[in-house]
Amino acid sequence: MLRDIERYLTCPHCARGLAFEATGRALRCPGGHSFDLAKQGYVSLLPGDAHTGTGDTPEMVAARADFLAAGHYHPIAAALAEAAGNASGADGLVVDLGAGTGYYLAQVLDALPGAVGAALDISKFALRRAAKAHPRAGAVVCDAWRPLPLADGCAELLLNVFAPRNGAEIHRVLRPGGSLLLVSPTSRHLRELVDALGLLSVDEEKERRIDEKLSPWLSPVAAREVEFELRLSHQDAAAVVGMGPNAWHTDRARIADALAALPEPVAVTGSVRVAVYQRAARPGG
Ligand SMILES: C[S@@+](CC[C@H](N)C(=O)[O-])C[C@H]1O[C@@H](n2cnc3c(N)ncnc32)[C@H](O)[C@@H]1O
Ligand SMILES: [Zn+2]
């Protein structure tokens, strides 16, 4: 619930702390800025002029929710929960930046019984689900490319799974000594579908580029590859295409035709890197 993370939230206009109004239906800062809770339990802390163009659409969110509920990416969630158990002091705040439906945050919170979670995403459609993903999690609409509505140094752990990452803001909200757990696809991820359907592929340099971009603020301390086989119906395969970056770039009719030519179930490689980064003492340090 949002109550669990109330003390960490800050105003997107003036950066002062937010607290629930007596009615329990809005959050307010000492400067009088006020933010109503949506009836589904999340709150939007986007400054008024922000656009939500890169947020997941209802169709993308529904495709991802069904696919994740079927357990296809359970090996990723299990690896993340294990890394969280090793990295964190167990209590405190876990932030999931680009949390989507909250699937991974929920499993990490299950592994950390003393922690609370903040699911951050720019898509309200995703957060309607994330708001209900775990009893100890609250959901906040915000833009990863702007100042996050969270207090300096408030987070023990930050998760980032197939989502936008902003090194400067991740550094600011992590406590000294806190960690970032980052999941990114390797060049082998979904390669059978990439080949058969002509999808966007992940280039081999991706890991190096991620490390380079984060390097002023975070340093990699450990990484493992998690590789597993997915056995997908054509519907699941369409969902996995519809929930990723390909949803923006591909023609559905063409995908459906190409899928029909594949065996069912189709065997597909899942392959991700789960990396742990330590917050640098100072930017660049
Ligand atoms: C590929 S999805 C991954 C979601 C989730 N981590 C998962 O793996 O199930 C990327 C997510 O990033 C969100 N997103 C895109 N642009 C964003 C932005 N500028 N700020 C915050 N979230 C953003 C999308 O709405 C979407 O939920
Ligand atoms: Zn304010």
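Reference entry: report on the structure contained in this document.

Some words on the overall build of the protein
Of regular secondary structure, the protein possesses 10 helices and 11 strands. Taken over the C-alpha trace, the protein has a radius of gyration of 19 Å; the compact-globule value for 285 residues is 19 Å, and the two agree within 12%. The buried share of the protein, reckoned over its 285 residues, is 51%. When contacts within the protein are restricted to residue pairs at least 6 apart in sequence, long-range pairs at least 24 apart make up 66% of them. Roughly 12,700 Å² of accessible area belongs to the protein as shown, and the carbon and sulfur atoms make up 52% of that amount. Charge-centre separation for the protein: the mean point of 29 positive side chains lies 6 Å from the mean point of 32 negative side chains.

As for the site of ligand 1
Surrounding ligand 1, one finds 19 residues, the nearest of these being G98, D121, D143, A144 and V161. Contacts to ligand 1 include D56, whose backbone N or O atom sits 2.9 Å from an oxygen atom. The backbone of A144 places a nitrogen or oxygen atom 2.8 Å from a nitrogen atom of ligand 1. Within the complex, the protein chains bury 93% of what would otherwise be the 590 Å² of accessible surface of ligand 1. When the residues that make up the shell around ligand 1 are grouped by side-chain class, the tally is 10 nonpolar, five polar and four charged.

Some points on the sheet that holds strand β8 (residues 155-161)
Strand order in this open sheet of eight strands is β4-β7-β6-β5-β8-β9-β11-β10, and the pairing throughout is mixed. In this open sheet, the two edge strands, each paired with only one partner strand, are β4 (43-44) and β10 (218-232). Relative to strand β7 (residues 137-141), strand β6 (residues 115-121) runs parallel, the two sharing five bridges. Within the sheet, the bridge partner assigned to A118 lies in β7 and is G138. Contacts from helix α8 (residues 206-214) reach β9 (174-185), β10 and β11 (266-279) within the one sheet, and its direction differs from that of β9 by about 160°.

Concerning the pattern of salt bridges
Two side chains bearing opposite charge may form a pair once their charged atoms approach each other closely. A full pass over the atoms with the stated rule returns 15 salt bridges. Linking R188 and E225 is a salt bridge whose minimum nitrogen-to-oxygen distance equals 2.6 Å. Here the residue R188 occupies a position in the loop between β9 and α7 (191-197), and E225 occupies one in strand β10, the gap between them amounting to 37 residues. Among the salt bridges present, the one from R231 reaches E229, with a minimum N-O distance of 3.3 Å. For the pair R231 and E229, a shared accessibility class is recorded, and that class is exposed. One network of salt bridges, in which partners are shared, links D152, E169 and R172.

What to know about helix α3 (residues 74-87)
With 14 residues, α3 extends 20 Å from end C-alpha to end C-alpha; this agrees with the ideal 20 Å at 1.5 Å per step. For α3, every residue scored as buried is listed here: I76, A77, A79, L80, A81, A83 and A84. Of the surrounding secondary structure, the elements contacted by the buried residues of α3 are α4 (103-111), β8, β9, β10 and β11.

What about the sheet that holds strand β1 (residues 19-20)?
A sheet is described by the order of its strands in space; here three strands give the open sequence β1-β2-β3, paired in antiparallel fashion. Either end of the sheet is taken by a strand with one partner, and the two such strands are β1 and β3 (34-36). Pairing analysis gives two bridges linking β1 to strand β2 (residues 26-28), with the strands arranged antiparallel. Note that in β2 the partner of F20 across the bridge is L27.

Concerning unusual backbone geometry
Most peptide bonds adopt trans geometry, and most residues besides glycine take a negative phi value. Note the cis peptide between E264 and P265, where omega equals -5°. With respect to the element layout, P265 can be found in the loop between α10 (252-260) and β11. The backbone phi angle of L190 is positive, close to 60°, even though this residue is not glycine. Mapped onto the fold, L190 is located in the loop between β9 and α7.

Let's talk about the coordination of the zinc ion (ligand 2)
At 2.1 to 2.3 Å from the zinc ion (ligand 2) lie its protein donor atoms, namely C11 (SG), C14 (SG), C29 (SG) and H33 (ND1). Of note is the zinc ion (ligand 2), whose four donor atoms meet at the metal with angles of 101 to 120° in an arrangement that counts as tetrahedral. Taken in chain order, the donor set of the zinc ion (ligand 2) reads C-x2-C-x14-C-x3-H.

A short note on the pairing of β11
With 12 of 14 residues buried, β11 is to be regarded as a mostly interior element. Relative to β11, β9 is paired through seven bridges, and the arrangement is antiparallel. Among the inter-strand pairings, S184 is bridged to a residue of β11, identified as R273. The pairing of β10 with β11 spans 14 bridges and is classified as antiparallel. Bridge pairing in β11 places E225 opposite R273.

Cut-offs and rules
- For every chain, the first residue of the written sequence is number 1, and numbering continues from 1 along that sequence.
- Whichever chain is written first becomes A and whichever ligand is written first becomes 1, with later ones labelled in order.
- With pLDDT at 70 or above as the cut-off, local features in this predicted model cover only qualifying residues; side-chain atom pairs require 80 or more to be listed or tallied, and sums for whole chains, interfaces and linings still use all residues.
- Each side-chain value is derived from all of the structure's non-hydrogen atoms; neither hydrogens nor water enter the calculation.
- The secondary structure listing takes helices from DSSP runs of H or I that are at least 4 residues long and strands from runs of E that are at least 2 residues long, numbered from the N terminus.
- The globule rule used here is 2.2 Å times the number of residues to the 0.38 power, and the radius of gyration it is set against is calculated over C-alpha atoms.
- Under the scheme applied here, a residue whose accessible area is under 20% of the maximum for its type counts as buried, over 50% as exposed, and between as partly exposed, the area being computed with a 1.4 Å probe on protein chains only.
- Every residue pair with non-hydrogen atoms within 4.5 Å of one another is taken to be in contact.
- Note on areas: these come from Shrake-Rupley sampling with a 1.4 Å probe, and a residue is covered only by the protein chains present in the view.
- Within this scheme the basic residues Lys and Arg register as positive and the acidic residues Asp and Glu register as negative, but His and the chain ends are omitted.
- Positions of charges follow a simple convention, taking NZ of Lys, CZ of Arg, CG of Asp or CD of Glu.
- Neighbouring residues are identified by heavy atoms, a residue being near a molecule or strand if any of them is within 4 Å of it.
- Residues adjacent in sequence count toward polar contacts only when both atoms are side-chain atoms; beyond that, a polar contact is any pair of N or O atoms within 3.5 Å, and within protein one must be able to donate a hydrogen and the other to accept it.
- Charged residues are taken to be Asp, Glu, Lys and Arg, nonpolar residues to be Ala, Val, Leu, Ile, Met, Phe, Trp, Tyr, Cys and Pro, and polar residues to be all remaining types, Gly included.
- Strands pair, by our definition, only if DSSP identifies at least two bridges between them.
- Axes, fitted as lines to C-alpha atoms, cover a helix only where it is in contact. Angles between the N-to-C directions of the axes lie from 0 to 180 degrees.
- Only one rule defines a salt bridge in this text: a Lys or Arg side-chain nitrogen within 4 Å of an Asp or Glu carboxyl oxygen.
- In a helix, the anticipated span is given by 1.5 Å times the number of residues less one.
- Note: metal donors comprise N, O and S atoms at 2.8 Å or less from the metal (3.2 Å for Na, K and Ca); water molecules are not included, so apparent gaps in a site are possible.
- Between 85 and 135 degrees for all angles marks four donors as tetrahedral; over 155 degrees for opposite donors together with 65 to 115 for all other angles marks four donors as square planar and six as octahedral; every other arrangement is irregular.

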